[in-house]
Amino acid sequence: SISDYKKFYESSKLFLQEVESKPHILKEDVSDYIAATSNLILSCGLINRYNEVRRNLSKMLKIKPITKYDELQIHRQYYAFKFNLCNFTGEFEEGLEALKTHMKERKKFGEELFQTTSFYLQYFNIYFGAGDYEKALENLNACLNLPKSIERQDLQSLVRILNLIIHYEMGNTFLLEYLLRSAYRFLRKRNRMFGFEKRVLGFIKESNKSFTNKELKKAFIILKKDFESLSQIPSERAMLQYFDFIAWLESKIEGKSFSEVIKERNKKSF
C-alpha cells in the first residue's frame, strides 16, 4: 500500500516459505499457498525480477488443487500474471500462445467468469503488441459492451482512449471524428478527466489536420514528454500501467514496432 516493493518482495518470500514449511496443512487446504505464490509473483514483477516471475509461475502450475475453486483460482492467477509478464517484456508471440491455451481451458470454468474489463484489456494488449489490430479492437468492443453493473468507470474511460488509438493505427480517419465526440461526451459525464486522457484527445483532434511527417514526429515527441511527466503523478501512473503509452509513442517516433521498443527497454533494465 505504501509502494515499498522491496519489502513487499521480502515479506512475500517469507510468507511462501512459511506456507511451504507445513506440507500437512497443504493436503487439506491450498488457498494460502495460491495466495502466497500470487503475492510473490506480483512482488517480483513490481521490482522487474522477471526470471523469478517465470519460476514462480511454473511453481503455481504445480500446485495441486483440492476444490474446483482452487483450480479456478490457479487458472485465473496464472494467466493474469502470464499476460502481464508478456506485456511488460514485449514477448507478445509468447503471449499469443498462452492466450490460445487459456481460451481452451477457460471453457471448463464458464467463460462468463473471464468476461471482465481487466481480462479484456490484457487480451487487447497481447493482440495489439502482436500487431493483430482486428482482434485487439474486438476485445475493446467486448469491453465497451459489458453491463454497467460490472464495469469500472475509470477503466471504461481508458478503453475509450485505447479505442481512439487502435482506430488511429488502423487508419480509420473518418470514424475517428465520431469516436472523438463520443469519448468527449462520456468523459464529460464523469466530471473528471485524467491528464493523459486530455493529451490523447487533443492529439487525435489535431491529427485530423494535414500534418507533414516532420510535424507529426514533433507532435509525437511533445506527447511523449507530456506522458513522461504525467507518469510521475500517482493517480495518472496507476492508469498508465494498463497500457504502455510511452512505448507506443516511442515506436512512432523511432519508426520501430511496439514490441521492439519494449524488448529493448527491458534489456536495458538488466
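Notes on the structure in this doc start here. Worth saying up front: this structure is predicted, and the values here are computed from it rather than measured.

## A few points about the overall build of the protein
Okay, step 1: Across its full length, the protein holds 15 helices and zero strands.
Okay, step 2: A compact globule built from 270 residues would reach a C-alpha radius of gyration of about 18 Å, and the protein, at 20 Å, matches this within 12%.
Okay, step 3: Oriented by its inertia axes, the alpha-carbon framework of the protein measures out at about 70 × 40 × 35 Å.
Okay, step 4: Evaluated residue by residue, the protein yields a buried proportion of 44% over its 270 residues.
Okay, step 5: Look at the contacts in the protein between residues 6 or more apart in sequence, and 64% of them connect residues 24 or more apart.
Okay, step 6: Accessible area for the protein stands at about 14,900 Å²; split by element, carbon and sulfur atoms hold 51% of it.

## Regarding the packing of helix α1 (residues 5-20) against helix α3 (residues 31-46)
Okay, step 1: Contact geometry of α1 with α3 gives a least axis separation of 8 Å together with a crossing angle of 155 degrees. Relative to α3, the element α1 is oriented roughly antiparallel. For α1 against α3, the interelement crossing comes out left-handed. Every residue of α3 that contacts α1 at Tyr5, Phe8, Tyr9, Ser12, Lys13, Phe15, Leu16, Val19 and Glu20 is listed here: Asp32, Tyr33, Ala36, Thr37, Asn39, Leu40, Leu42, Ser43, Cys44 and Leu46.
Okay, step 2: Each residue belonging to the contact of α1 with α3 can be placed in one class, and the counts come to twelve nonpolar, four polar and three charged.

## Looking at the pattern of salt bridges
Okay, step 1: Enumeration over the complete set of coordinates arrives at 17 salt bridges.
Okay, step 2: The closest approach of N and O atoms between Glu94 and Arg54, which form a salt bridge, is 2.8 Å. With Glu94 in helix α6 (residues 92-105) and Arg54 in helix α4 (residues 50-62), this pair connects stretches of sequence that are 40 residues apart.
Okay, step 3: Among the ionic pairs, Lys68 bridges to Glu71, the shortest N-O distance being 3.8 Å. Taken together, the positions of Lys68 and Glu71, both in helix α5 (residues 68-89) and three residues apart, correspond to about one turn of that helix.
Okay, step 4: Residue classification places Glu71 among the partly exposed positions, given a relative accessible area of 25%.
Okay, step 5: Taken together, the salt bridges that share partners define one network made up of Arg54, Lys82 and Glu94.

## A closer look at a nonpolar patch on the surface
Okay, step 1: Where nonpolar side chains cluster on the molecular surface, the patch consists of Tyr5, Leu42 and Leu46 and spans about 230 Å² of accessible area.
Okay, step 2: One can find Leu42 in helix α3.

## Concerning the layout of surface pockets
Okay, step 1: Computed from the structure, the largest pocket encloses a volume of approximately 1,800 Å³.
Okay, step 2: Together, 49 residues line the largest pocket, and Leu46, Asn84, Phe88, Gln241 and Tyr242 are the ones closest to its centre.
Okay, step 3: At the level of secondary structure, the elements contributing two or more residues to the lining of the largest pocket comprise α1, α3, α4, α5, α7 (117-129), α13 (234-240), α14 (245-254) and α15 (258-268).
Okay, step 4: When residues of the lining of the largest pocket are assigned to their parent elements, the largest contribution, nine residues, is made by α5.
Okay, step 5: The residue makeup of the lining of the largest pocket, split by class, is 26 nonpolar, 16 polar and seven charged.
Okay, step 6: Looking at the second largest pocket, its volume works out to about 270 Å³.
Okay, step 7: Lining the second largest pocket we find 15 residues, and of these Arg160, Asn163, Leu179, Ser182 and Ala183 sit closest to its centre.
Okay, step 8: Contributions of two or more residues to the lining of the second largest pocket are made by α8 (133-144), α9 (153-170) and α10 (173-190).

Quick notes on the rules
Residues numbered from 1 in each chain as written. Predicted model: local features only at pLDDT ≥ 70, side-chain atom pairs only at ≥ 80, totals over all residues. Heavy atoms only, no water. Helix = DSSP H or I, 4+ residues; strand = E, 2+ residues; numbered from the N terminus. Rg over C-alpha atoms; globule rule 2.2 N^0.38 Å. Buried < 20%, exposed > 50% of the residue type's maximum accessible area, 1.4 Å probe, protein only. Contact = heavy atoms within 4.5 Å. Areas by Shrake-Rupley, 256 points an atom, 1.4 Å probe, with all protein chains shown as cover. Axes fitted to C-alpha atoms, helices over the stretch in contact; angles between N-to-C directions. Parallel < 35°, antiparallel > 145°, perpendicular 65-115°, else oblique. Left-handed = near helix turned anticlockwise from the far one by under 90°. Nonpolar A, V, L, I, M, F, W, Y, C, P; charged D, E, K, R; others polar. Salt bridge = Lys/Arg side-chain N within 4 Å of Asp/Glu carboxyl O. Patch = residues over 30% accessible without salt bridge, like charges linked within 9 Å, V, L, I, M, F, W, Y side chains within 5 Å. 1 Å grid on protein atoms, 1.4 Å probe; cavity = no way out; pocket = protein on both sides within 12 Å on 5 of 7 lines; lining within 4 Å. Points joined across faces, edges and corners; volume = space filled by probe spheres on them.

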